[in-house]
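As a plain string of letters, each chain reads:
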Number of protein chains: 2
Amino acid sequence: MAQSEIDNVRALLQSKPRPVGWAERRHRLDDIGSVWPVADDVKLETVDVDGMPGESSIAPNSDFSRVLVFFHGGGYCSGSIVSHRRMVTEAGRAAGMRTLAIAYRLAPEHPFPAAYDDSLTAWRFLRNQGIPAECIAVGGDSAGAGLAIGLIGRLRDAREELPGCAWLVSPWTDLTMSGSTFASKDAVDPIIHKEYLYELVDAYLPAGVDRKDPRVSPLYADLTGFPPLLIQVCSAETLLDDATRLANVAGAADAAVTLEIWPQMIHAWPLWNAHLEAGRRALANAGAFIRAHL
Amino acid sequence: MAQSEIDNVRALLQSKPRPVGWAERRHRLDDIGSVWPVADDVKLETVDVDGMPGESSIAPNSDFSRVLVFFHGGGYCSGSIVSHRRMVTEAGRAAGMRTLAIAYRLAPEHPFPAAYDDSLTAWRFLRNQGIPAECIAVGGDSAGAGLAIGLIGRLRDAREELPGCAWLVSPWTDLTMSGSTFASKDAVDPIIHKEYLYELVDAYLPAGVDRKDPRVSPLYADLTGFPPLLIQVCSAETLLDDATRLANVAGAADAAVTLEIWPQMIHAWPLWNAHLEAGRRALANAGAFIRAHL
């Protein structure tokens, strides 16, 4: 059952291979991510996040005073509110709170530090609405997880208050691509391969920015003082090492870390929660984690 | 509060430095582990585990038909039912089931494969009582976690039924001591240092057994087909890398893995749960995990 569900997602991905142009890639990710629609009972609202597009969601019986702010994945070059809507809205339901999805600026049109700065804009927007830091959870998948960690590091460096916790799905934490699972998982991962990531890094990083810069590769950041982290990754993805090494580095720096490794799943699998039981269970765990720490 | 609690445990350890002889070391570990007694409401019973000493425990309102079988730590050379009684009995309470603690044979008197064989004896003893494999959880800390993984690997190789899940605290998974945290955590770990572990390996492994043998170093084992694993480790221990690398290897082999890294704690901290809130919380998580998978 679960196996055939993930096979269906694999078939969907295979039926829409990744094209070459950035516009085409963005269209494809929106298409793949939104193939199963948002649940009828979720209320959506467009939000002007200090000039940046955002979207708020709330499911029935959720707490409006607490917020999960979410940075979507897509390698800093694609992904959107549309592609991740089903995942973000269901995460909010599981956490029992409001969400705010952020349409940060994308490379190559807007290279680093555009997205990195936009994550701070989103944070300030919420704080300026009077929401206490401890009532905000920060989430992200893939490149978006990198933005989430980058934001927390920036707040920590500025000695500002930090979010109550962070939730990271299939995080991309090392832009040098030194993880051993790029080789060992290459054949089973239908989405993320080294050559593609090199292309993304070239688009995202301006000349002169080190790929080990902790603002873009959180694996090399000092994670001291970080709030509790839930890291969810899976067995059939090349970024497995990026997640387990992040867990090690964060834990060694005295952050409370929970790492979950999900069998048979593929990169950012909670995207397809509508027809993937393991996606729903991962979101349920994330929701429980966020509720426990906010 | 939590900080002063762990400082008290550190002071206890410092007040009783590890002596040289094996008998003295065993006495010390019994002493340190049992400094806080077992709760009054736990029923203990001596069990003859096919000739091997064992102890069963059950807390009020627990299920007698399900069992957590536990292999204590102590580097294969020390540790006992006495040293780990408080930890095992409270784990049973948290899991809501009976426990069976095993006094497997210790090195240097009984080198490998004595303990490895004794773990199988314990398993067969429970199975021969008619307890279904899926009603048994296997647990262990430090070297005992190595025995737990070794047992599962052996059952898997023999195509036998496997336990419902495994719970591993501060697991020692690599007898080659290749983890990077032996260096980075040496100054903050009050218990486990490389020189001590080399001494243990010399006592445990007969000539001719490779330190990377998967029966003694589960980090190098094939973990395919393993049941769900909960791995709990902490930030102030040299074995942090042994745990995070095990998580990676098990997850890559399609086991469902949950890894928790606990800030500020020290090796096998749930031993001192009587006066350590983080020890009680870790046992509560372990109990919830075991209940969910049995």
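Located above this text is the structure these notes cover.
Given the structure is predicted, the values throughout are model-derived calculations rather than measurements. (Residues numbered from 1 in each chain as written. Chains lettered and ligands numbered in written order. Predicted model: local features only at pLDDT ≥ 70, side-chain atom pairs only at ≥ 80, totals over all residues. Heavy atoms only, no water.)

(A) Up close: the overall build of chain A. The helix and strand inventory of chain A stands at nine helices and eight strands. For 294 residues, the compact-globule estimate of 2.2 N^0.38 gives 19 Å, and the C-alpha radius of gyration of chain A, at 17 Å, lies within 12% of that figure. Counting only C-alpha atoms and orienting by the principal axes, one finds that chain A spans roughly 45 × 45 × 35 Å. Burial status across chain A gives 60% buried among its 294 residues. By sequence separation, contacts in chain A at least 24 residues apart represent 78% of the contacts at least 6 residues apart. Carbon and sulfur atoms provide 52% of the accessible area of chain A, an area that totals close to 10,600 Å². Here chain A carries 27 positive and 36 negative side-chain charges, and the mean point of each set is 1 Å from the other. (Helix = DSSP H or I, 4+ residues; strand = E, 2+ residues; numbered from the N terminus. Rg over C-alpha atoms; globule rule 2.2 N^0.38 Å. Buried < 20%, exposed > 50% of the residue type's maximum accessible area, 1.4 Å probe, protein only. Contact = heavy atoms within 4.5 Å. Areas by Shrake-Rupley, 256 points an atom, 1.4 Å probe, with all protein chains shown as cover. Lys, Arg positive; Asp, Glu negative; His and termini not counted. Charge placed at Lys NZ, Arg CZ, Asp CG, Glu CD.)

(B) Structural context of the pairing of strand β7 (residues 229-234) of chain B. All names here are of chain B. The buried count for β7 comes to six of six residues, which makes it a mostly enclosed element. Across four bridges, strand β6 (residues 165-169) lies against β7 in parallel orientation. By the bridge assignment for β7, L168 is matched with I231. The pairing of β7 with strand β8 (residues 257-262) spans six bridges and is classified as parallel. For V233, the partnering residue across the bridge sits in β8 and is I261. (Pairing = 2+ DSSP bridges.)

(C) Broad picture of the relation of the copies chain A and chain B. At an RMSD of 0.0 Å, chain A and chain B line up after a rotation of 180° and a shift of 0.0 Å along the axis. Accordingly, the operation relating the two chain copies is best matched by a two-fold axis. Distance from the rotation axis, computed per C-alpha, reaches its smallest value in chain A at L259 of chain A: 2.5 Å. When the interface residues of chain A are mapped onto chain B, 100% of them are again interface residues, pointing to one common binding face. (Least-squares fit on C-alpha atoms with pLDDT ≥ 70 in both.)

(D) Local environment of the interface of chain A and chain B. Residue-level contacts link 19 residues of chain A with 19 residues of chain B. Taking both partners together, chain A and chain B bury about 1,500 Å²; carbon and sulfur atoms supply 50% of that area. On the chain A side of the interface with chain B, the three residues burying the most area are N248, D254 and I261 of chain A, jointly 32% of the side's total. Along the contact surface separating chain A from chain B lie zero salt bridges. Linking chain A with chain B are 13 residue pairs in polar contact (both at pLDDT 80 or more). Counting residues per element, the ones that place at least two in the side of chain A that touches chain B are α8 (240-252) and β8 (257-262) of chain A. When residues in the side of chain A that touches chain B are grouped by element, the largest group, seven residues, is from α8 of chain A. Of the residues belonging to the side of chain A that touches chain B, the class tally is nine nonpolar, six polar and four charged. (Buried area = accessible area lost by both parts, 1.4 Å probe. Salt bridge = Lys/Arg side-chain N within 4 Å of Asp/Glu carboxyl O. Polar contact = N/O pair within 3.5 Å; in protein donor to acceptor, adjacent residues only side chain to side chain. Nonpolar A, V, L, I, M, F, W, Y, C, P; charged D, E, K, R; others polar.)

(E) Molecular detail of the nonpolar core. The biggest cluster of nonpolar side chains holds 206 residues, and the ones touching the most others in it are W167 and Y204 of chain A together with W167 and Y204 of chain B. If we ignore the near neighbours within four places in the chain, the residues touching W167 of chain B are L68, F70, M87, A91, V138, G139, G140, L230, Q232, L283, A286 and I290 of chain B. (Core = buried A, V, L, I, M, F, W, Y, C linked by side-chain atoms within 4.5 Å.)

(F) Layout of the packing of aromatic side chains. Counted by the stated rule, this structure contains twelve aromatic pairs over all chains. Relative to Y204 of chain B, the ring of Y76 of chain B lies with its centre 3.8 Å away and its plane at 0°, an arrangement referred to as stacked. One end of the pair, Y76 of chain B, is in the loop between β3 (63-71) and α3 (85-95); the other, Y204 of chain B, is in helix α7 (residues 194-204), with 128 residues separating them in the sequence. By the burial criterion, Y76 of chain B is buried, and Y204 of chain B matches it. Taken together through their ring pairs, the aromatic side chains of Y76, F112, Y116, W172 and Y204 of chain A make up a single cluster. In this structure, R98 of chain A is placed above the aromatic ring of F64 of chain A, and the distance from its NZ or CZ to the ring centre is 4.0 Å. A cation over a ring is seen here: R25 of chain B above W22 of chain B, with NZ or CZ 5.0 Å from the ring centre. (Phe/Tyr/Trp six-rings, centres within 6.5 Å; stacked < 30°, edge-to-face > 60°. Lys NZ or Arg CZ within 6 Å of the ring centre and 35° of its normal.)

(G) Expanded view of the side chain of T244 of chain A. Within the element layout of this structure, T244 of chain A appears in helix α8. Judged by its relative accessible area of 4%, T244 of chain A is buried.

(H) Spotlight on the pattern of salt bridges. Residue and element names in this part refer to chain A. Considering all chains together, one arrives at 34 salt bridges over all chains under this definition. The salt bridge involving R66 is made with D63; its shortest N-O contact spans 2.8 Å. Given the relative accessible area of 17%, R66 is considered buried. Connected via shared salt-bridge partners are D41, E90 and R93.

(I) Spatial organisation of the layout of surface pockets. Taken as a whole, the largest pocket holds about 1,200 Å³ of empty space. T258, E260 and N285 of chain A together with T258 and E260 of chain B are, among the 43 residues lining the largest pocket, the residues nearest its centre. Elements represented by at least two residues in the lining of the largest pocket include exactly α1 (2-15), β8 and α9 (277-293) of chain A together with α1 (2-15), β8 and α9 (277-293) of chain B. If one sorts the elements of the lining of the largest pocket by residue count, α9 of chain B sits on top with eight residues. The residue makeup of the lining of the largest pocket, split by class, is 29 nonpolar, ten polar and four charged. For the second largest pocket, the calculated volume is near 150 Å³. What lines the second largest pocket is a set of 14 residues, among which G153, R156, D157, P214 and A221 of chain B lie closest to the centre. A breakdown of the residues in the lining of the second largest pocket according to their chemical character gives seven nonpolar, two polar and five charged. (1 Å grid on protein atoms, 1.4 Å probe; cavity = no way out; pocket = protein on both sides within 12 Å on 5 of 7 lines; lining within 4 Å. Points joined across faces, edges and corners; volume = space filled by probe spheres on them.)

(J) Expanded view of helix α7 (residues 194-204) of chain A. All names here are of chain A. Of all the residues in α7, the buried ones are Y196, L197, L200, V201, A203 and Y204. In a view along the axis of α7, the buried residues occupy a sector of 160°, so they form one face of it. Facing away from the buried side of α7 by over 90 degrees, the exposed positions are E195 and D202. (Arc of directions from axis to C-beta.)

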